[in-house]
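So the chains spell out like this:
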Amino acid sequence: MPEDSPLRITEEDRDTAVQRLQEAYAQGHISHEEMDGGLHQVLTAKTHSELMSAVASLPEGNASTTSTIAAASGRIQRRGAWRVPRSLKVESAFGRVHLDLSRAVIEHPVVDIELQLGTGRAKITVPRDTIVDVENLRTGWKDLLYKPQRRPRPGGPKIRISGAMGYGRLKIRHARR
């Protein structure tokens, strides 16, 4: 695949978007015609940005809610086609954290991820077209490993990472596809 090709979507991504449109219709947020148009757009989408434009106008629900993933020890891992909430808090005293957002359904233009990590490593993989902001992240023992893209693509989500890391290291990378 050429380096500048747009991020392709999987059938899991498409199924999640279809489900979201059906839920919005069932809850009375969109009309039958809007659902039909959205379904056509989702089923013919080839890239992540095309898919996101199909669900961008849907209501977000309660945007003030923060989802929390916590573990005292062990591994916290999210990967594949999972729905990324608008605000996510990850807490781990000991252990490893791996958040893979490369195939996740990111419905919000801005996603806030708050890390509260004691020891252990953390790795976050973001889609190619993502802009990452780490200005509000405090690291204790080791520095952050992140190399921003030279030419970020327009249209991707912005992920703001904040919080505090104790003795671990955070590595952020952009997906290759």
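Residues numbered from 1 in each chain as written. Predicted model: local features only at pLDDT ≥ 70, side-chain atom pairs only at ≥ 80, totals over all residues. Heavy atoms only, no water.

Re the pattern of salt bridges
How we decide: Salt bridges are defined as contacts in which a side-chain nitrogen from Lys or Arg sits within 4 Å of a carboxyl oxygen from Asp or Glu. Helix and strand assignments come from DSSP, with helices taken as H or I runs of at least 4 residues and strands as E runs of at least 2, each series counted from the N terminus. Type-normalised accessible area, obtained with a 1.4 Å probe on protein chains alone, sets the label of each residue: buried when under 20%, exposed when over 50%, and partly exposed for intermediate values.
With the rule as written, the count across this model stands at 6 salt bridges. Between E107 and R20 there is a salt bridge, with the nearest N and O atoms lying 3.5 Å from each other. Within this pair, whereas E107 is found in the loop between β6 (105–106) and β7 (110–117), its partner R20 is found in helix α1 (residues 11–26), the two being separated by 87 residues in sequence. The pair formed by E107 and R20 is uniform in burial state, with each residue classed as buried. For E107, the salt bridge identified is with R83, shortest N-O distance 3.2 Å.

Observations concerning the packing of α1 against helix α2 (residues 32–44)
Here is the rule we go by: Axes, fitted as lines to C-alpha atoms, cover a helix only where it is in contact. Angles between the N-to-C directions of the axes lie from 0 to 180 degrees. What sets the label is the angle itself: under 35 degrees gives roughly parallel, over 145 gives roughly antiparallel, 65 to 115 gives roughly perpendicular, and the rest give oblique. Note on contacts: a residue pair is in contact if any heavy atoms of the two residues lie within 4.5 Å. Polar here means any residue outside two lists: the nonpolar Ala, Val, Leu, Ile, Met, Phe, Trp, Tyr, Cys and Pro, and the charged Asp, Glu, Lys and Arg; Gly therefore counts as polar.
One way to put it is that α1 packs onto α2 with a least axis distance of 10 Å and a crossing angle of 175 degrees. Relative to α2, the element α1 lies roughly antiparallel. Residue-level contacts link R14, A17, V18, L21, Q22 and Y25 of α1 to H32, M35, G38, L39, V42, L43 and T44 of α2. Residue composition of the contact of α1 with α2, grouped by class: 8 nonpolar, 4 polar and 1 charged.

Some points on the sheet that holds strand β5 (residues 96–100)
For clarity, the cut-off: At least two bridges found by DSSP between two strands are what make those strands a pair.
Pairing in this open sheet of 5 strands is parallel, and the strands run β2-β5-β8-β12-β10 from one edge to the other. The open sheet terminates on both sides in strands that have one partner only, identified here as β2 (75–78) and β10 (145–146). Examined bridge by bridge, strand β8 (residues 122–126) and strand β12 (residues 170–174) share 5 bridges and lie parallel to one another. Each residue of the ladder has a partner; that of T125, found in β12, is R173.

Quick notes on the confidence of the model for the chain
The condition that has to hold: The predictor attaches a confidence to each residue, called pLDDT, with possible values from 0 through 100.
Predicted confidence across the chain gives a mean pLDDT of 83, with 91% of residues reaching 70 or more. Note that pLDDT drops below 50 for residues 1–5; the model gives that stretch 9 contacts with residues more than four away or on any other chain.

Quick look at the packing of α2 against helix α3 (residues 48–55)
At a minimum axis separation of 9 Å, α2 and α3 run at an interaxial angle of 170 degrees. For the element pair α2 / α3, the angle class is roughly antiparallel. Along the contact surface, α2 presents G38, Q41, V42 and T44, while α3 presents E50, L51, S53 and A54. Its residues assigned to classes, the contact of α2 with α3 shows 3 nonpolar, 4 polar and 1 charged.

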